[in-house]
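# Observations on the three-dimensional arrangement
Single-letter residue listing:
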Amino acid sequence: MYSEKVMDHFQNPRNVGEIEDASGVGTVGNAKCGDIMRMFLDIDENGIIREAKFKTFGCGAAVATSSMATELVKGKTIQEALQVTNKAVMEALDGLPPVKVHCSLLAEEAIHAALWDYAEKNHITIEGLQKPKNDISEGEEEEDY
Ligand code: FES
């Protein structure tokens with residue numbers, strides 16, 4: 001049912017954790033399954049994503065897609081990171097079963113939510129970026145990461 005790559009990223013997820021003083025942090029949640037994904041991005045002054053980390057409270061496919069998503073955005077420009085769609089993540093994982101496609105959507109939205117936070121913090125507009133509809137980052141500032 002799952003590709004070897006999905007199993008690998010699920011069993012050995014890359015980039016798990018948090019980035020202290022991250023340039024952008026975004027949290028998204030899927031109301032239907034209740035899964036939550038939080039993405040941390042460290043972006044340098046040239047707009048290159050130096051580091052990406054994630055924490056996912058969710059299913060195996062959500063873990064695997066967030067792991068792959070962090071791998072794909074690392075070293076990329078913000079515009080390139082926007083091309084890391086759920087389709088790109090799924091392709092990099094050699095596919096997902098149809099019932100798990102929404103999990104990869106969460107990964108795409110987590111990237112967008114973190115970039116949205118970065119844009120807000122820096123008072124900039126990122127062309128082509130929209131606030132994800134499942135963004136639940138609001139009011140997290142008080143939280144102790
Ligand atoms: Fe909800 Fe996978 S079942 S993200």
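Predicted model, so just to flag it, every value in this text is computed and none were measured.

## Re the nonpolar core
Ranked by internal contacts, the top residues of the largest apolar core, which has 38 residues, are Met39, Leu41, Val73, Leu115 and Ile126. Breaking this core down by element, the ones donating at least two residues are β2 (36–43), β3 (49–57), α2 (60–73), α3 (78–82), α4 (86–92) and α5 (101–121). With residues up to four places along the chain from it excluded, the contact list for leucine 115 reads Leu41, Ile43, Ile78, Ala81, Leu82, Ile126 and Leu129.

## Some remarks on α2
Helix length check: α2, at 14 residues, gives a terminal C-alpha distance of 20 Å against a target of 20 Å (1.5 Å per residue), a fit within 8%. Most of α2 is tucked away, with 11 of its 14 residues classed as buried. Ala61, Ala62, Val63, Ala64, Thr65, Ser66, Ser67, Met68, Ala69, Thr70 and Val73 are the residues of α2 that are buried. Looking at the buried positions of α2, the neighbouring elements they touch are α1 (4–11), β2, β3, α3, α4 and α5. Looking one or two residues past α2, glycine 75 carries a phi angle of roughly 85°, positive in sign.

## Overview of the sheet that holds β3
Strand order in the open sheet made by the 3 strands is β1-β2-β3, with antiparallel pairing throughout. Every other strand in the sheet has two partners, leaving β1 (24–29) and β3 as the edge strands with one partner each. Taken over all neighbouring pairs, the strand axes of this sheet differ in orientation by 15° on average, direction set aside. As paired elements, β1 and β2 share 6 bridges and run antiparallel to each other. Bridge assignment links valine 28 to a residue of β2, and that residue is methionine 37. Contacts from α2 reach β2 and β3, with the element oriented near 175° to β3. Against the sheet, α5 touches β1 and β2, its axis set at about 145° to β1.

## A look at the side chain of aspartate 35
On the secondary structure map, aspartate 35 appears in the loop between β1 and β2. Here aspartate 35 sits buried without a salt bridge, and the closest side chain of opposite charge, lysine 100, lies 6.1 Å off (N-O distance). Polar contacts involving the side chain of aspartate 35 include one to the main-chain amide nitrogen of cysteine 59, which spans 3.1 Å. Filtering out sequence-adjacent residues up to four positions away, aspartate 35 remains in contact with Val28, Gly29, Asn30, Phe57, Gly58, Cys59 and Leu106.

## What about the pairing of β1?
On any regular strand, side chains alternate: one points to one face of the sheet, the next to the other face. Burial of β1 is extensive: 6 of the 6 residues sit out of reach of the surface. Residues of β1 alternate between two faces, with Gly24, Gly26 and Val28 on one and Val25, Thr27 and Gly29 on the opposite face, all of them buried. Remark: 6 residues form the turn of the hairpin made by β1 and β2, two consecutive strands paired antiparallel; glycine 34 in that turn has positive phi of roughly 85°.

## Quick look at a nonpolar patch on the surface
A surface patch of nonpolar side chains, about 360 Å² in accessible area, is lined by Met1, Tyr2 and Val99. Structurally, the position occupied by tyrosine 2 is in the segment before α1. What makes tyrosine 2 partly exposed here is its relative accessible area of 30%.

## A short note on the UniProt feature "domain: NIF system FeS cluster assembly NifU N-terminal" (unreviewed entry) in the protein
Mapped onto the present numbering, the UniProt feature "domain: NIF system FeS cluster assembly NifU N-terminal" (unreviewed entry) falls at residues 1–123. As a span, residues 1–123 carries 45% helix and 19% strand, and end to end its C-alpha atoms are 44 Å apart.

## Things to note about the pattern of salt bridges
Between side chains of opposite charge, pairing is possible as soon as their charged atoms come close. Taken as a whole and assessed by the stated rule, the structure comprises 8 salt bridges. Here glutamate 51 makes a salt bridge to lysine 53, at a shortest N to O gap of 3.7 Å. With a closest N to O distance of 2.9 Å, lysine 121 and aspartate 117 form a salt bridge. Taken together, the positions of lysine 121 and aspartate 117, both in helix α5 and 4 residues apart, correspond to about one turn of that helix. Residue lysine 121 is classed as partly exposed on the basis of its relative accessible area, which comes to 45%.

About the cut-offs
Residues numbered from 1 in each chain as written. Predicted model: local features only at pLDDT ≥ 70, side-chain atom pairs only at ≥ 80, totals over all residues. Heavy atoms only, no water. Core = buried A, V, L, I, M, F, W, Y, C linked by side-chain atoms within 4.5 Å. Buried < 20%, exposed > 50% of the residue type's maximum accessible area, 1.4 Å probe, protein only. Helix = DSSP H or I, 4+ residues; strand = E, 2+ residues; numbered from the N terminus. Contact = heavy atoms within 4.5 Å. Expected span 1.5 Å × (residues − 1). Pairing = 2+ DSSP bridges. Axes fitted to C-alpha atoms, helices over the stretch in contact; angles between N-to-C directions. Lys, Arg positive; Asp, Glu negative; His and termini not counted. Salt bridge = Lys/Arg side-chain N within 4 Å of Asp/Glu carboxyl O. Polar contact = N/O pair within 3.5 Å; in protein donor to acceptor, adjacent residues only side chain to side chain. Patch = residues over 30% accessible without salt bridge, like charges linked within 9 Å, V, L, I, M, F, W, Y side chains within 5 Å. Areas by Shrake-Rupley, 256 points an atom, 1.4 Å probe, with all protein chains shown as cover. UniProt positions renumbered as here; feature names shortened; annotations may be inferred.

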